[in-house]
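Remarks on the overall topology
These are the residues of each chain, in order.
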Amino acid sequence: MNNKNYKFGTKAIHAGADPDPSTGAIMTPIFQTSTYVQESPGKHKGYAYARGKNPTREALQKNIAALENATHCLCFSSGMGAMDAVLKLMRPGDEVITGDDLYGGSYRMFTKVFANYGIKFHFVNMTDATNIEKYINANTKLIWAETPTNPTMQIIDIEACGKIAKKHNLILAVDNTFASPYLQNPLALGANIVMHSVTKYLGGHSDVVMGALVLNDEKLYEQLAFIHNSCGATPGPMDSFLVMRGIKTLHLRMERHCFNGKKIAEFLKTHPKIEKVYWPGFTDHPNHEIAKKQMKDFGGMISIVLKGADLDQTFKVASSFEVFSLAESLGGVESLINHPATMTHASIPKDEREKAGVVDNLLRLSVGVEDIEDLLEDLKNVLG
Ligand SMILES: *Cc1c(COP(=O)(O)O)cnc(C)c1O
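Residues numbered from 1 in each chain as written. Predicted model: local features only at pLDDT ≥ 70, side-chain atom pairs only at ≥ 80, totals over all residues. Heavy atoms only, no water.

**Description of the domain arrangement of the protein chain**
Here is the rule: Segmentation into domains, and thus their bounds, comes from an automatic or database assignment. For this analysis, residues touch if any pair of their heavy atoms sits within 4.5 Å. We define buried area as the total accessible area lost by two parts upon association, computed with a 1.4 Å probe and summed across both.
What the domain assignment lists for the protein chain is domain 1 (8-247) and domain 2 (250-383). On a C-alpha basis, the centres of domain 1 and domain 2 stand 25 Å from each other. Counting residues at the interface gives 44 residues for domain 1, matched by 42 residues for domain 2. Of the roughly 3,400 Å² buried where domain 1 meets domain 2, counting both sides, 61% is carbon and sulfur surface.

**Things to note about the pattern of salt bridges**
Which entries qualify depends on this criterion: A pairing counts as a salt bridge when a side-chain nitrogen of Lys or Arg comes within 4 Å of a carboxyl oxygen of Asp or Glu. The helix and strand labels rest on DSSP assignments: H or I over at least four residues marks a helix, E over at least two residues marks a strand, and numbering proceeds from the N terminus.
Enumeration over the complete set of coordinates arrives at 13 salt bridges. One salt bridge in this structure joins D94 and K141, with 2.9 Å as the shortest N-O distance. Residue D94 is found in the loop between α3 (79-87) and β2 (95-99), and its partner K141 is found in strand β4 (residues 140-146); the two are separated by 47 residues along the sequence. Here the salt bridges do not stand alone but share partners, grouping K350, R353, E354 and D360 into one network.

**Looking at the site of the ligand**
Just so we agree on the cut-off: Here a residue counts as near a molecule or strand whenever at least one of its heavy atoms sits within 4 Å of it. Pairs of N or O atoms are called polar contacts if they sit within 3.5 Å, as long as, within protein, a hydrogen donor faces a hydrogen acceptor (for residues adjacent in sequence, only side-chain-to-side-chain pairs).
Residues in contact with the ligand amount to 15 residues; listed here are only the nearest, G79, D175, S197, T199 and K200. In the model, an oxygen atom of the ligand is placed 2.8 Å from a nitrogen or oxygen of the S197 side chain.

**Considerations on the pairing of strand β7 (residues 211-215)**
Note the threshold: Under the scheme applied here, a residue whose accessible area is under 20% of the maximum for its type counts as buried, over 50% as exposed, and between as partly exposed, the area being computed with a 1.4 Å probe on protein chains only. Between any two strands, pairing holds if DSSP finds at least two bridges.
Where burial is concerned, most of β7 is hidden: five out of the five residues are buried. Residues of β7 alternate between two faces, with G211, L213 and L215 on one and A212 and V214 on the opposite face, all of them buried. Alignment of strand β1 (residues 72-76) against β7, held across five bridges, turns out to be antiparallel. For L74, the partnering residue across the bridge sits in β7 and is L213. As paired strands, strand β6 (residues 193-197) and β7 are joined by five bridges and run antiparallel to one another. Within β7, the residue paired with I193 across the bridge is L215.

**Considering the side chain of N361**
Mapped onto the elements, N361 comes out in the loop between α13 (350-355) and β12 (362-366). For N361, a relative accessible area of 13% gives the class buried. A distance of 2.8 Å separates a polar atom in the side chain of N361 from the backbone oxygen of L306. Setting aside chain neighbours within four positions, we find N361 in contact with I304, V305, L306, G308, A309 and T314.

**A word on helix α2 (residues 55-67)**
Basically, it comes down to this: A helix is expected to reach a length of 1.5 Å times the quantity of its residues less one.
Given a rise of 1.5 Å per residue, 13 residues ought to cover 18 Å, and the 19 Å separating the end C-alpha atoms of α2 matches this to within 8%. Among the 13 residues in α2, eleven count as buried, and that is most of the element. Listed in full, the buried residues belonging to α2 are P55, T56, R57, A59, L60, Q61, N63, I64, A65, A66 and L67. The N-capping residue of α2, defined by a side-chain oxygen 2.9 Å from the backbone nitrogen of T56, is N54. Where α2 ends, the next residue or the one after it, N69, has phi of about 50°, a positive value.

See below:
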């Protein structure tokens, strides 16, 4: 089942997950095999070697493609593996325009890996999309946008970026990890490639590391599928199974993440110990109107600045919760708290980091799907 006319929740449960033809098993089997027997050399059922093709992974890829209303999906062994494949579309001398508030690992890959291969990166404030055009020249090939951004929850206008990309014949890739396909579908707004850290909301249970690229463009798909198989950052069948199982409740989880996120953002906004709350659902968020236009709801990711707290005091707060766990990552059923400056964003130089608002007293919350009363109680106990 991969019919685009079904609604999101139905697709989350059924797309790609046809019953196993040999047994009728309703759950896609875990094809734990590296190779497939051939009748005579080259004569096989379409499967030769599992780096290239595995039925469990294929089922998952069909499922994620359906969630983004796309024709193609490629799953990778991590989100970074997926990004790496996109960057390998570049040649020495090519230029990339990206945001000034990015996932730390993305920034590290751009500056410490691909910059060494002669690719130039411009880190631009993309909250006003017209800034992008100032950096476009004959060498520009790719716009890499992340929205909402990590951790300051900037919102970037995907449709405006799409128009600019189209006008200048550039590829627009959107890191859709924070929103998940439930809240936002960038391909429909003009993106050419959607990237997910599947590790986060799609997997949803903090038990798998995986990435995905989703797209409609046939030519780009051929190029990326070639890199996927040639460079080999492909996920295994067990992980593919776990993610398919996780996705079956994506819509239910996202509803609760959004519900809990809103309650907590509102609680923190008026709390005397909190200086600032970053959450796109507030009407005074600078790009709230764009968030409203391109997202179905505002999600469960919230960042806060503790009023007048130094690093020690911030560490103390971060380590004092009972329900929120201090950990990297996000998007799982359990609530997490993170200190970006020393954890997820430690690879960004201090001055760059602080310019982007990632100060020492900033904490990021990934609000889980626990009972809201318990989450609020935990916050009250720690903040006072
Ligand atoms: C986690 C994350 C990544 C990297 O994905 P991995 O699965 O950890 O490799 C990229 N972008 C964003 C926004 C992320 O949160």
